[in-house]
Amino acid sequence: MITALGRSPDETWKELLAGRSGIGPITDFDARGFRWQAAAQVRGFPPSGPASQPKWARIADLHTYLLLQCCGDALRAAGVGSSVDPEDIGLFVGMGTVDYKLPDLVPAVLASRGGDGSFDHAAFFVRGFERLYPLFALSMLNNVSACLAAIELGIKGENAVFAADATAGAQALGEALQTLREEKAKAVLAGGVSEKLTPMSLARSQLTEPGDSAESAGMAPGEGCAMVCLELRARADQRGARCAVALTGYGHAFGAAGDASSATAAIAAAMQAALDRAELRPDDVEVVLAHHDGTAADRSEAEAVRRVFGASSSRQTVCASKPFLGHLGPAAPAADLVLAAQALRHQTVAPALAVARDVARARPGSEERAQRYRSVLINARSSEGHASSLVVQSLDSLE
């Protein structure tokens, strides 16, 4: 995992334990006039292209490098290596919109000016288009980054790219789990990567409807990537892999966009489906990592949590990572999965995982840290009415 707080899960977790936030002023461009003038940016990340194909650097950008790094890190951490044939390794990624680079267009625009200096479409199709890089169109396709990662790492198995909101990352993880269950792959890399912060992506983030109060004005955008390597437990045990957590459930549901009651029903249905698939009761879950994106829909999520967990909702720790990592879009569910794994591993919830104001009835204090954490439920949703949930459990709870 790479976030504004660190280049690995341990680094990000350490910063969260210290209560630090990755959100700060946007300095890469003039953000005046936008709702957001602060974001959680990944700064100083080496912009080195894939070693085997330097020419790819022309069609790659920050999201590509983040994905390449995280995919490689996940494979190495899992120790899969040569024990799995390339055809048996899958790749499922949630990705957002990819923006073109303005400098790539400038030569074509300059060559397409008419006599009065305005843009001449006829001139563009006669001579201007020749100034475009031949592979320019590929730079605007979000699945190209997944292709480059697969080529670089030698992955040749089942694959798909899902777009474009947080639920895309949850869909990637759910599809990876189903692929393993159907034995279409022996190992699968799954997760998501955020959009690169640009004036265009910042403008798109303003399309999310804010709430009707200062507390629900929306969440600052963030940059980052999170990928995990999944395999069936039987195979992991057979090869002696060091595993601590298992992804045991996922669920998806759909409601009408902008309808609070429909959103509540969809979020509740997704959570219940994930619990059912994991064969858990609501009171088996100690921690809920809420989507909590700072919009009016947080109220629907709060109601859905109360509806699904009932009386037990008063004793669960309900947290959210976006106030400190920013809204990572398609990378958010996988990032929360990694944080859930850290919470289960260390048996604590980082205080910086701000408790969702509209959702929680418990705070991660001494009483919560004293109990045994065994299961975490993760929520994700889109502005179009799609809701997704994941369940992560410690392996010892499955014995």
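Rules and cut-offs
- Residues numbered from 1 in each chain as written.
- Predicted model: local features only at pLDDT ≥ 70, side-chain atom pairs only at ≥ 80, totals over all residues.
- Heavy atoms only, no water.
- Buried < 20%, exposed > 50% of the residue type's maximum accessible area, 1.4 Å probe, protein only.
- Helix = DSSP H or I, 4+ residues; strand = E, 2+ residues; numbered from the N terminus.
- Arc of directions from axis to C-beta.
- 1 Å grid on protein atoms, 1.4 Å probe; cavity = no way out; pocket = protein on both sides within 12 Å on 5 of 7 lines; lining within 4 Å.
- Points joined across faces, edges and corners; volume = space filled by probe spheres on them.
- Nonpolar A, V, L, I, M, F, W, Y, C, P; charged D, E, K, R; others polar.
- Patch = residues over 30% accessible without salt bridge, like charges linked within 9 Å, V, L, I, M, F, W, Y side chains within 5 Å.
- Areas by Shrake-Rupley, 256 points an atom, 1.4 Å probe, with all protein chains shown as cover.
- Salt bridge = Lys/Arg side-chain N within 4 Å of Asp/Glu carboxyl O.
- pLDDT = per-residue confidence, 0-100.
- Contact = heavy atoms within 4.5 Å.
- Polar contact = N/O pair within 3.5 Å; in protein donor to acceptor, adjacent residues only side chain to side chain.
- Axes fitted to C-alpha atoms, helices over the stretch in contact; angles between N-to-C directions.
- Parallel < 35°, antiparallel > 145°, perpendicular 65-115°, else oblique.
- Left-handed = near helix turned anticlockwise from the far one by under 90°.
- Pairing = 2+ DSSP bridges.

Remarks on helix α1 (residues 9-17)
Right, on to step 1. What α1 keeps buried is the set T12, W13, E15 and L16. For α1, the arc enclosing every buried residue in end-on projection is 160°, short of the 170-degree limit, so these residues lie on one face.

Remarks on empty space enclosed by the protein
Over the atoms, a rolled probe matching the size of one water molecule traces out where space is still vacant.
Right, on to step 1. Under the defined criterion, the tally for this structure stands at one cavity of 30 Å³ or more.
Right, on to step 2. Looking at the largest cavity, its volume works out to about 40 Å³.
Right, on to step 3. Lining of the largest cavity is provided by I59, A60, D61, H63, V98, D99, Y100, K101 and S139.
Right, on to step 4. Split by residue class, the lining of the largest cavity holds four nonpolar, two polar and three charged.

Structural notes on a nonpolar patch on the surface
Right, on to step 1. A cluster of nonpolar residues, Y100, L102 and M140, forms a patch on the protein surface that exposes about 270 Å² of accessible area.
Right, on to step 2. Of note, L102 is situated in helix α3 (residues 102-110).

Here we look at the confidence of the model for the protein
Right, on to step 1. The pLDDT averaged across the protein works out to 87; a share of 89% of its residues lies at or above 70.
Right, on to step 2. Long-range and interchain partners of residues 211-216, a stretch whose pLDDT sits below 50, account for 11 contacts in this model, where long-range means more than four residues apart.
Right, on to step 3. Here residues 360-369 is a poorly scored stretch, pLDDT under 50, and it has 22 contacts once near neighbours within four places are set aside; other chains count.

Focus on the side chain of D293
Right, on to step 1. Of note, D293 is situated in the loop between β8 (287-289) and α10 (298-309).
Right, on to step 2. Given the relative accessible area of 9%, D293 is considered buried.
Right, on to step 3. A polar atom in the side chain of D293 sits 2.7 Å from the side chain of R381.

A closer look at the packing of helix α2 (residues 62-78) against helix α5 (residues 143-153)
Right, on to step 1. As a packed pair, α2 and α5 sit with axes 9 Å apart at the nearest point and diverge in direction by 40°. As summarised for this structure, α2 and α5 are arranged oblique, according to the angle between their axes. By crossing handedness, the relation of α2 to α5 is classed as right-handed. Where α2 abuts α5, its residues H63, T64, L67, L68, C71, G72 and L75 lie against S145, A146, L148, A149, E152 and L153.

Side note on the sheet that holds strand β6 (residues 225-230)
Right, on to step 1. Reading across from one edge, β4-β3-β5-β6 is the order of the four strands in this open sheet, with mixed pairing throughout. Two strands in the sheet have a free side with no partner beyond their single neighbour: β4 (159-162) and β6. Neighbour-to-neighbour, the strand axes of the sheet open up by a mean angle of 10°, direction not taken into account.
Right, on to step 2. Across six bridges, strand β5 (residues 187-193) lies against β6 in antiparallel orientation. Along β6, the bridge assignment pairs G192 with A226.

Here we look at the pairing of strand β10 (residues 375-381)
Right, on to step 1. Within β10, seven of the seven residues are buried, which leaves the element mostly enclosed by the surrounding structure.
Right, on to step 2. Taken together, the seven bridges between β10 and strand β11 (residues 386-394) define a ladder with antiparallel strand orientation. For R381, the partnering residue across the bridge sits in β11 and is A387.

A closer look at the environment of V287
Right, on to step 1. Following the sequence through the fold, V287 ends up in strand β8.
Right, on to step 2. By relative accessible area, V287 is classed as buried at 4%.
Right, on to step 3. If we ignore the near neighbours within four places in the chain, the residues touching V287 are T317, V349, Y373, S375, V376 and L377.

Some words on unusual backbone geometry
Right, on to step 1. Geometrically, the link from A163 to A164 is a cis peptide bond, its omega value of 5° lying close to zero.
Right, on to step 2. One can find A164 in the loop between β4 and α6 (166-181).
Right, on to step 3. Backbone geometry at E279 places phi at a positive 60°, although glycine is not the residue there.
Right, on to step 4. With respect to the element layout, E279 can be found in the loop between α9 (260-278) and β8.
Right, on to step 5. Even without being a glycine, Q347 presents a positive backbone phi close to 55°.
Right, on to step 6. The exposure class of Q347 is buried, given its relative accessible area of 18%.

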